[in-house]
Structure formats: structure tokens, C-alpha cells
Amino acid sequence: MTQLIERLRALIGDAGLITDPQEAKPYATDWRKRYFGKPLAVVKPASTAEVAAVMRLCAETRTAVVPQGGNTGLCGGATPDSAGTQIVLNLSRMNRVRAVDAVNNTITVEAGCVLANVQQAAAEAGRLFPLSLAAEGSCEIGGNLFTNAGGTAVLRYGNARDLLLGLEVVLSDGQIWDGLRGLRKDNTGYDLKQLFVGAEGTLGVITAAVLKLFPQPRARATALVALESPAKGLQLLSHIQGVCGDRLTGFELMSAFCLALVAKHFPATRLPFAEVHPQYVLLELSDTASAANLDNALHEALAEASEAGLALDAVVAASAAQAAALWALRENIPEAQVHEGKQIKHDVSVPISRIAEFIAVTDAELQRAFPGVRMVTFGHLGDGNLHYNIAPAAGGGEDAFVARAGEISRIVHDSAARFAGSISAEHGLGQYKRDAILRYKSPLEMELMRRIKAALDPQGVMNPGKVL
Ligand code: FAD
Ligand code: ZN
């Protein structure tokens, strides 16, 4: 082991090597503090050549490698095990923007670029990089691609996968695949880059990517709409899409209970309606045309929605500050949940058209099995993706509740499967859902995944124990 560390030191120098357990701790624990690993070392290469050299050494010595970006993942995918033999390969030092091509509408960045910095670099070139999530100040492009991150603009622009044109990957044996193409059209065989997206570090190491840019919107319009039910939310979605087309960028559902939690734990919160309504949708439109156009379209769409009985009430933000305050209602839900206490969380998707029925059926099933549990349901209604979380009944014991997490998740996941849905819409499998997925994917699908893994990582050094 000491010899391996010395060989790593010779490859990347002291600046890129952490062996002190105390210093390594932040890299050995996941964001939710659910997994605690013990790496042999944390290796932080500064170039693609250094990554390749490290991978060659690890292949030679059969050392397991856990790639890591900003370490904000929510399923333990970037956490090493506790054997003290795996290395964490952290890409954060590879943080250069290599090129911006405003005519090709592309940006070429290294894997360790923090998402917010990519957005910033795009904005400086007068363009938009639309991937946006609450962790954007810390998560990195490599992590975003390897988890196929979603967020709040998927409705209009797609997941990380949809924003990708080219990749540079260091393979498990240290070979460098230069697939850094910025082409919109390329039908020359299998689309290899997409194999790596969502693979959670199990197939290779992304070192750089060519990403799509979009015109910078000149106007945004934001509204909070009160609704009777998620079913009305679906009708509202169709209606707004009909009137506003693809200017609809975000469409987020929040229950009254979610907003009550935000108001309770963020005392400065101002709820915009005097009355409490059962459900709310936060929606955002954006356009490269003038603000007046967009506001007119939104007001027209909301007036019609109200006449048709889809909306109980609505407020439209009159300034950027008001829009930010509306978005804070949505963005503060996860932290409010943390303050409220332990909850059992799920990140499911079903076909958009079935989301209301999914909520009704699954809520009822949970109430039958665990009377009084409180549902903290919110999420990306426009993508069919819910953060479907469950808190213990008021006054109910937290520990007894958490002890039954397996039974509760089984109900939720089985229900998602019955609705032809997925048990992980955004966060991935990592180590958290590695076993659960076996119940929902067919043996053939699992076998195909294992064959791909064996082809790209025959020695099994890439992030063992994750996904498969
Ligand atoms: P890490 O956590 O470091 O790694 C994630 C996975 O990718 C691991 O399996 C790791 O091995 C692999 N990996 C990382 N970099 C590389 C690389 N260069 N090469 C190979 N493998 C690599 N996710 C969403 O999809 N939507 C959301 O809205 C969202 N909101 C969030 C909000 C908060 C507050 C937090 C904490 C997380 C949220 N997430 C969300 C989850 C998380 O931010 C995303 O999964 C993000 O894409 C992870 O990026 P990262 O750089 O932190 O990756
Ligand atoms: Zn989400």
C-alpha cells in the first residue's frame, strides 16, 4: 500500500494527494451523511494525462477507483467503501473552461468545472447553459453527466444527457478516448458518449465535455398558482403549454403541507395568498422576445385557466425580487424538511399523464398501512418526477418510523412500477438503491448492463459496489 501511495505521489505530486485520514474525511462521506468510507488516498489530478497515468497504475495494481466531483450526490455513488483500499479520484482541480464557441453554441469544459461557473461562462458569452439545480454552487459537470442530473429546467431543455455533444473519457485501463466533438449531427455508429451518462462512475472517468448552449432569454415571467388537486395541475400544464408553447421552462408542484413547512422553518417567508389552498404550482416562462410579450401571454393563459376552473388563485411576480421570493418557496422545501426531522425520501417518475393518479393511489395505500403519516410531496410535475417524501404522523415516534423505511419504500416503489414508472428519476442508484433496482428491472436488462460493464471495465476497478 505504501508503495502504491509513493507511485501515486510520483505521478501527480503532493499537491494532488491526500493521505491523512482527517483531511480525507470530507471526501469519504456523502452529502447526506449516510455513508462513511475510508479511502487509501484521495487523488486530485490536474490534467487528463495525470488521470490517465493514475488509471494505468490502478489497472496494473487492480486498485478500485471511486470518481468524485462536487460530492453532492444523494445516493452514495461517490463514497468509497470502508476497507481502506479504494482511492477517491476527485476531479475538482480540472476546472478549466477550454473553449466557448458562440456560433456553434457550444462550451467545452473540464469535468471539475462547478456548474455555476459553467453557467457564468456561458452568460459572459451571451448564451445560456440551462442545467440548473439547487446544488449548482458545488456540483461539477463530470458529476452532473455521470448522474444525468435533472433540475428545474428539464421541461424545456432536457436532462444533462440532452445537453451533451462530446466527451473526453479516460477508460479503466488508462486509454484516453477523445470524443470531444461539437456536432449536432453525427450518425457514425453507436453513440458511445451516452453510455457514460448516468453510469455513476462505473464505466470510466469523464475528463472534459462539449455542452450545448442556448440563446440567453431576455425575459422571464414567474407565477404561483393555487390549485384544488394535482389533477388540476396536469390540466393546467396542458393549457399553459397550449398557449405558451416551449416558452414554459419550469412547472413545479408543491402541496400545502410543503409550504407550511417552509413558512414554519423560514420565519421570513411571506405566503402570497391569504387562504391556504390544497396544492400550488410554481411556473416559469422565458423568452428571447420582449418582457411585455411574455407577460401578456402569461396573463392571458392564467385568466383562461381561472375561467375554466383550473386555478383557484394566482400571483404573477412583478419584479425579479418577487420572482426570487416565489422560487425560494420551492427551493427552501428540502432544507425545511431537514429542520422538521427525519423523513423517508423517494425520487420517482411516472408518465406525466398518470402523476395525479399515482399520488392518490399511493397516498391511500400508505395511509392504510401507516395511518397518519404526513406526505411531503413536491417536484417537477412537468417532467413526471416527484420528490415523494414521507414524514411520521404528528407526535409519532421518529425512530420507530425510520425503522420501517424498507416497508414504506417498498410500497412507494411498487406503486411507481405499477404505473410504469422509475424508482430513481434524478438521483441515481449509487449504493443506496443498488439492491432495490433488482426488483424492478428485468433480468435481461440487468444482464445487458453487466455485459457493458464487463466490456468497458473488465477488471472491475471502476467504482465497484455502485449501480450493479
Ligand atoms: P458527485 O456526487 O461527486 O458524484 C456523483 C456520481 O458521479 C458518483 O457516482 C461519482 O462516482 C460519479 N462521478 C463524478 N464525477 C465523475 C467523473 N468526472 N467521471 C466519472 N464519474 C464521475 N440532482 C438532480 O438531478 N436534480 C436536482 O434538482 C438536484 N438537486 C440537488 C439539491 C441539493 C441541495 C443537493 C445536495 C443535491 C441535488 N441533486 C440533484 C443531486 C446532485 O447534486 C447531482 O446528482 C449532481 O449532478 C452531482 O454532481 P457532483 O459533482 O456533486 O457529483
Ligand atoms: Zn429534483
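Residues numbered from 1 in each chain as written. Chains lettered and ligands numbered in written order. Predicted model: local features only at pLDDT ≥ 70, side-chain atom pairs only at ≥ 80, totals over all residues. Heavy atoms only, no water.

S.K.: I'm lost on the overall build of the protein in this one. Help?
M.R.: Secondary structure summary: the protein contains 16 helices and 18 strands in total. Here the C-alpha radius of gyration of the protein, 23 Å, is about what a compact globule of 468 residues would show, namely 23 Å. Dimensions of the protein, computed from the C-alpha atoms along their principal axes, are close to 70 × 55 × 45 Å. Within the span of the protein, comprising 468 residues, buried residues form 51% of the whole. (Helix = DSSP H or I, 4+ residues; strand = E, 2+ residues; numbered from the N terminus. Rg over C-alpha atoms; globule rule 2.2 N^0.38 Å. Buried < 20%, exposed > 50% of the residue type's maximum accessible area, 1.4 Å probe, protein only.)

S.K.: What's the story with the coordination of the zinc ion (ligand 2) in this structure? I'm lost.
M.R.: By definition of the ideal shapes, four donors in a tetrahedron about a metal sit 109.5 degrees apart, and six donors in an octahedron sit 90 or 180 degrees apart. Those protein atoms acting as donors to the zinc ion (ligand 2) are His380 (NE2), His387 (NE2) and Glu426 (OE), and they sit at 2.1 to 2.2 Å. Mapping the donors of the zinc ion (ligand 2) onto the primary sequence gives the spacing H-x6-H-x38-E. Of the two residues, His380 sits in strand β17 (residues 374-380) while Glu426 sits in the loop between α15 (405-418) and α16 (443-456), which places them 46 residues apart along the sequence. We classify His380 as buried; its relative accessible area is 2%. (Donors = N, O, S within 2.8 Å, 3.2 Å for Na, K, Ca; no water.)

S.K.: So what exactly am I meant to see when it comes to the sheet that holds strand β15 (residues 313-316) here?
M.R.: Whether parallel or antiparallel, the strands of a sheet pair through hydrogen bonds between backbone atoms. Taking strand neighbours across the sheet as the criterion, the seven strands line up as β15-β12-β14-β13-β17-β18-β16 in an open arrangement whose pairing is antiparallel. On the outer flanks of this sheet lie β15 and β16 (347-349), each paired with one strand and no other. Between one strand and the next, the sheet's axes are offset by a mean angle of 20°, whatever the strand orientation. Note: strand β12 (residues 219-227) against strand β14 (residues 279-287), nine bridges, orientation antiparallel. When the bridges of β14 are listed, Val225 appears paired with Val281. Contacts from helix α11 (residues 320-331) reach β12, β13 (248-255), β14, β15, β17 and β18 (385-391), with the element oriented near 50° to β12. Against the sheet, helix α13 (residues 355-369) touches β13, β16, β17 and β18, its axis set at about 15° to β18. (Pairing = 2+ DSSP bridges. Axes fitted to C-alpha atoms, helices over the stretch in contact; angles between N-to-C directions. Contact = heavy atoms within 4.5 Å.)

S.K.: How should I be thinking about the sheet that holds strand β2 (residues 41-43) in this particular structure?
M.R.: Read across the sheet, four strands follow the order β1-β2-β4-β3 without closing on themselves; strand pairing throughout is mixed. Across the chains shown, the open sheet's two edge strands, defined by having one partner strand only, are β1 (17-18) and β3 (65-68).

S.K.: Explanation requested: the nonpolar core in the structure shown.
M.R.: Note on soluble globular proteins: their nonpolar side chains tend to be buried together. The biggest cluster of nonpolar side chains holds 55 residues, and the ones touching the most others in it are Met55, Leu89, Phe129, Ile141, Leu145, Leu167 and Leu211. Among the elements that take part in this core, helix α3 (residues 48-61) stands out by supplying six residues, more than any other. Residue contacts for Leu211: discarding those within four places in its chain leaves Asn105, Thr106, Ile107, Val109, Val118, Phe129, Ile141, Leu145, Leu163 and Leu164. The next biggest cluster of nonpolar side chains, apart from the first, holds 45 residues, and it includes Leu237, Phe251, Ala301 and Val348. (Core = buried A, V, L, I, M, F, W, Y, C linked by side-chain atoms within 4.5 Å.)

S.K.: Got a minute to help me understand the packing of aromatic side chains in this structure?
M.R.: Pairs of aromatic rings are described using the distance from one ring centre to the other and the angle between the two planes. Summed over the entire model, instances satisfying the criterion amount to five aromatic pairs. Each ring, one from Phe358 and one from Phe419, has its centre 5.7 Å from the other, and the planes form 85°; the classification is edge-to-face. On the criterion of sequence distance, the pair formed by Phe358 in helix α13 and Phe419 in the loop between α15 and α16 is long-range, its members being 61 residues apart. Among the residues examined, Phe358 registers a relative accessible area of 0% and is labelled buried. For Phe419, a relative accessible area of 5% corresponds to the buried category. Grouping aromatic residues by their ring pairs yields a cluster made of Phe358, Tyr388 and Phe419. We note Arg32 situated over the ring of Tyr432; from NZ or CZ to the ring centre the distance is 5.9 Å. (Phe/Tyr/Trp six-rings, centres within 6.5 Å; stacked < 30°, edge-to-face > 60°. Lys NZ or Arg CZ within 6 Å of the ring centre and 35° of its normal.)

S.K.: Looking at this structure, how should I read the site of ligand 1?
M.R.: Residues in contact with ligand 1 amount to 34 residues; listed here are only the nearest, Pro67, Gly69, Gly70, Thr72 and Gly73. Separating a nitrogen atom of ligand 1 from a backbone N or O atom of Gly151 is a distance of 3.5 Å. At 3.3 Å, a side-chain N or O of Asn463 approaches an oxygen atom of ligand 1. When ligand 1 is considered free in solution it has 970 Å² of accessible area, and contact with the protein chains removes 93% of it. Among the secondary structure elements, those contributing two or more residues to the shell around ligand 1 are β3, α5 (141-146) and β10 (205-212). Looking at the shell around ligand 1 element by element, the count peaks at four residues for α5. Residues that form the shell around ligand 1 fall into these classes: 14 nonpolar, 17 polar and three charged. (Near = heavy atom within 4 Å. Polar contact = N/O pair within 3.5 Å; in protein donor to acceptor, adjacent residues only side chain to side chain. Areas by Shrake-Rupley, 256 points an atom, 1.4 Å probe, with all protein chains shown as cover. Nonpolar A, V, L, I, M, F, W, Y, C, P; charged D, E, K, R; others polar.)

S.K.: Explain unusual backbone geometry to me, please; I cannot follow it from the model alone.
M.R.: Negative phi is the rule for most residues except glycine; trans is the rule for most peptide bonds. With phi around 60°, Asn71 is a residue other than glycine that occupies positive phi space. Relative to the helices and strands, Asn71 resides in the loop between β3 and β4 (87-90). A residue is classified by how much of its surface remains accessible, and Asn71, at 15% relative accessible area, is buried.

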